[in-house]
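Analysis of the macromolecular model
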Amino acid sequence: LSVMEDNILPLTERGVSLGNKVFGAAILRKSDLSLVVAETNNELDNPLWHGEVHTLKRFYELGDKPPTKDLIFLSTHEPCTMCMSAIT
Ligand SMILES: [Zn+2]
């Protein structure tokens, strides 16, 4: 919940003020639930950047990323079929 409140929500508030939707997500380490990356919907830049897919995009842009088997995907809402497919 602290990741939602402290990381996803501020990004989402800024994004919504620009005209994006409210959906956000984060990727956490399983070991201690620390944040790897958080993002939010960015459909104004690209209609594919739902919050979840935009988070995956940012994760794969990280230079030194942990193995996905060590991570948890957190979304603020039930993912749509496109996002669920991307997360899987
Ligand atoms: Zn989606």
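1. Focus: the sheet that holds strand β2 (residues 35–40)
A sheet is described by the order of its strands in space; here 3 strands give the open sequence β2-β1-β3, paired in antiparallel fashion. Looking at the sheet topology across the chains shown, the edges are occupied by β2 and β3 (71–75). Adjacent strand axes in the sheet meet at a mean angle of 15 degrees when their direction is disregarded. Pairing of strand β1 (residues 24–29) with β2 involves 5 bridges; the strand directions are antiparallel. In the sheet register, G24 faces β2, and the bridge partner there is T40. Together, β1, β2 and β3 form the strand contacts of helix α1 (residues 2–18), whose direction differs from that of β2 by roughly 35 degrees.

Rules used throughout
- One numbering rule holds for all chains: residues counted from 1, following each sequence as written.
- Local features in this predicted model are restricted to residues whose pLDDT is 70 or higher, and side-chain atom pairs enter the listing and the counts only when it is 80 or higher, whereas totals over whole chains, interfaces and linings include all residues.
- Just so you know, side-chain values use all the structure's heavy atoms and leave hydrogens and water out.
- Two strands pair under a simple rule: DSSP has to find at least two bridges between them.
- A run of DSSP states H or I qualifies as a helix once it reaches four residues; a run of E qualifies as a strand once it reaches two. Both are numbered from the N-terminal end.
- Every axis corresponds to a line fitted to the C-alpha atoms, with the helix fit spanning only the stretch in contact, and the corresponding angles, defined between N-to-C directions, vary from 0 to 180 degrees.
- Any two residues whose heavy atoms approach within 4.5 Å are treated as being in contact.

That's the geometry; what it means functionally is another story.
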